[in-house]
Amino acid sequence: MERIKESFLVSPIFVFFLIHSMQVGVGMLGFQRIIAKSAGYDSWISVILAGVAVHIIVWIIYKILDPSGGDIVDVHKEIFGKWIGGFLSLLFVLYLLALAVTVLRSYIEVIQVWMFPEFNSWVFGFFTIVLAYYIILGGFRTVTGISFFSIVLPLYILLLVFFPLDYGHVRNLLPIMNHSVTEIAKSTKDMSLSIIGFETLLLFYPFIKNPPKSQKWAHLGVLATTILYLIASVTAIMYFSADQLDKIIWATLTMFKSINMPFVERFEYVGIASWYLVILPNICIALWGAGRGIKKVFSVQQRKSLLWILPAVLVASSLIKSRQHIDMISGYMSNFGLYYIFGYIPILFIITLVVRKMREKK
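Everything numeric here is computed off the predicted structure, so don't read it as measured data.

Rules used throughout
- Residues numbered from 1 in each chain as written.
- Predicted model: local features only at pLDDT ≥ 70, side-chain atom pairs only at ≥ 80, totals over all residues.
- Heavy atoms only, no water.
- Helix = DSSP H or I, 4+ residues; strand = E, 2+ residues; numbered from the N terminus.
- Buried < 20%, exposed > 50% of the residue type's maximum accessible area, 1.4 Å probe, protein only.
- Contact = heavy atoms within 4.5 Å.
- Areas by Shrake-Rupley, 256 points an atom, 1.4 Å probe, with all protein chains shown as cover.
- Lys, Arg positive; Asp, Glu negative; His and termini not counted.
- Charge placed at Lys NZ, Arg CZ, Asp CG, Glu CD.
- Phe/Tyr/Trp six-rings, centres within 6.5 Å; stacked < 30°, edge-to-face > 60°.
- Lys NZ or Arg CZ within 6 Å of the ring centre and 35° of its normal.
- pLDDT = per-residue confidence, 0-100.
- Core = buried A, V, L, I, M, F, W, Y, C linked by side-chain atoms within 4.5 Å.
- Salt bridge = Lys/Arg side-chain N within 4 Å of Asp/Glu carboxyl O.
- Axes fitted to C-alpha atoms, helices over the stretch in contact; angles between N-to-C directions.
- Parallel < 35°, antiparallel > 145°, perpendicular 65-115°, else oblique.
- Left-handed = near helix turned anticlockwise from the far one by under 90°.
- Nonpolar A, V, L, I, M, F, W, Y, C, P; charged D, E, K, R; others polar.
- Patch = residues over 30% accessible without salt bridge, like charges linked within 9 Å, V, L, I, M, F, W, Y side chains within 5 Å.

Here we look at the overall build of the protein chain
Helices and strands together make up the secondary structure of the protein chain, namely 17 helices and 0 strands. Once the C-alpha set of the protein chain is aligned to its principal axes, its extents read approximately 65 × 45 × 35 Å. Counting every position in the protein chain, which comprises 362 residues, the buried fraction comes to 55%. Residue pairs in contact within the protein chain that sit at least 24 positions apart in sequence constitute 86% of those at least 6 positions apart. For the protein chain, the exposed area adds up to about 16,600 Å²; of that, 68% sits on carbon and sulfur atoms. In the protein chain, 30 positive and 19 negative side-chain charges are present, and the distance between their average locations comes to 11 Å.

Right, dumping it as structure tokens:
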């Protein structure tokens, strides 16, 4: 297992920002419609259930990684051997690349629909990829710094979610539990695309000083994300009627239109522009993790692997043209993330537990 230099490590408290920044992204702008399809005005319950499920998975991830002190690539190699383990690690790398493509293309779509219809996705994607490459070359500490500023600087926008409550109706929340358990479970499943990203902990775990002490910060990051999504969902439920919530794609941005200030007429433009700081760590951490995984699997320098990865991400994001294609890619990402996080990781935990117990007995 590779030993990381002390100068490359980050303090445990920064795990809060890494986890939180990966979970809050472009999905925050329109997740309300997705989860309301199944559970309607009870969809806020699915946000809480999804948050609880993520807490359980974070606990499992620490239980998998703590004994070895390595990342998911080391665990795969330890349990499954070089070839099968390498193949499983490569699947995780492809998943991270698809995550970066989905975030980048979804944000470009928001700009094209809300601000500039003729916006050139190639140009914007190119400059974003170059910026991400520059950040990643600075090392993991630089990536962590971007995650920190992505939460601190746009914080004022997140606080403005409360403004639409002036036009909200509390009675929309009643009656509670008006939907079946199956419908709420389906809504919780639909929440998966919005909350994925925290699983990058599987790769940056060795870059944490005294990793076991960072677990409380990881859980606090998940808690902060859950509270934020809960506020956004409850606000949308109170603000929109059931028919409106079913049709509006970007509910959070639509609520921003209700904000009136003397110095800015269209506040949603400010929100979209500032949201670039929010989605930037999504892309940077995902690409850093993909480069790190390729480095571990193929023994290739991370800088060299990025020279192949980044153009592929740019081309893939630019080839996705229509809204239907974006929905399709997002659906695939949601399903794969759901099965990987809530299916494969618990199975891997059981396998590692059994294998390590057997080796201890021997």
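So, next bit.
Examining the packing of aromatic side chains
Applying the stated criterion to the full structure yields 26 aromatic pairs. Between Trp-114 and Trp-250 the ring centres are 6.5 Å apart and the planes differ by 75°, which places this aromatic pair in the edge-to-face class. Taken as a pair, Trp-114 in helix α5 (residues 82–114) and Trp-250 in the loop between α13 (242–247) and α14 (251–256) lie far apart in primary sequence, 136 residues in all. By relative accessible area, Trp-114 is classed as buried at 15%. Members of the aromatic cluster, joined through ring pairs, are Phe-14, Phe-16, Phe-17, Phe-148 and Phe-149. A cation over a ring is seen here: Lys-82 above Trp-83, with NZ or CZ 5.3 Å from the ring centre.

With respect to the environment of Glu-6
With respect to the helices, strands and loops of the structure, Glu-6 is situated in the segment before α1 (14–23). Along the primary structure Glu-6 and Ile-208 are separated by 202 residues, whereas in three dimensions their C-alpha atoms are 9.5 Å apart.

Overview of the confidence of the model for the protein chain
Residues with a pLDDT of 70 or more make up 99% of the protein chain, whose mean pLDDT is 87. Mean pLDDT across the secondary structure elements of the protein chain bottoms out at helix α8 (residues 155–159), with 73, and peaks at α1, with 94.

Side note on helix α2 (residues 31–39)
α2 sits mainly inside the fold: 7 of its 9 residues count as buried. Gly-40 sits one or two residues past α2 and shows a positive phi near 55°.

Some details on the nonpolar core
Counting residues in hydrophobic clusters, the biggest one holds 103 residues, and the most contacted among them are Trp-275 and Leu-287. Looking at this core, the element that brings in the most residues is α5, giving 16 residues.

Details of the pattern of salt bridges
The full count for this structure, using the stated rule, is 5 salt bridges. Lys-296 is the salt-bridge partner of Asp-74, the closest N and O atoms lying 3.2 Å from each other. Here Asp-74 is found in helix α4 (residues 72–80), whereas its partner Lys-296 is found in helix α15 (residues 267–298), with 222 residues between them in sequence. For Asp-74, a relative accessible area of 17% translates into the label buried. Taken together, the shared-partner salt bridges in this structure form one network comprising Asp-71, Asp-74 and Lys-296.

Observations concerning unusual backbone geometry
Not every positive phi belongs to a glycine, and Asn-210 is a case in point at roughly 50°. Mapped onto the elements, Asn-210 comes out in the loop between α11 (201–204) and α12 (215–239). Of the residues examined, Asn-210 reaches a relative accessible area of 40% and is grouped as partly exposed.

Observations regarding the packing of α5 against helix α6 (residues 121–137)
Pairs of packed helices are described in terms of their axes, by the angle between the two and the distance that separates them. α6 packs onto α5 with a crossing angle of 135° between their chain directions and a minimal axis gap of 11 Å. It follows from the interaxial angle that α5 and α6 lie oblique. Of the two possible hands of crossing, α5 and α6 adopt the one that is right-handed. Residues Leu-104, Tyr-107, Ile-108, Ile-111 and Gln-112 of α5 pack against Ser-121, Phe-124, Gly-125, Thr-128 and Ile-129 of α6. Looking at the contact of α5 with α6 residue by residue, the classes come out as 6 nonpolar, 4 polar and no charged.

Quick notes on a nonpolar patch on the surface
Together, Trp-122, Val-123, Phe-126, Phe-127, Val-130, Val-315 and Leu-319 make up an exposed nonpolar region whose accessible area comes to about 660 Å². For the nonpolar patch, the element with the highest residue contribution is α6, accounting for 5 residues. Structurally, Phe-127 is set in helix α6. Residue class for Phe-127 comes out exposed when judged on its relative accessible area of 55%.

Quick look at the environment of Ile-35
Checked against the element boundaries, Ile-35 lands in helix α2. Since its relative accessible area comes to 1%, Ile-35 is described here as buried. For the pair Ile-35 and Gln-301, spaced 266 residues apart in the sequence, the C-alpha separation amounts to 41 Å. Excluding anything up to four places from it in sequence, Ile-35 contacts Gly-40, Ser-43, Ser-46, Val-47, Ser-187, Asp-190, Met-191 and Ser-233.

Notes on the side chain of Asp-42
By the element assignment, Asp-42 lies in the loop between α2 and α3 (43–65). For Asp-42, the residues in contact, after removing those within four places along its chain, are Pro-175, Ile-176, Met-177, Asn-178 and His-179.

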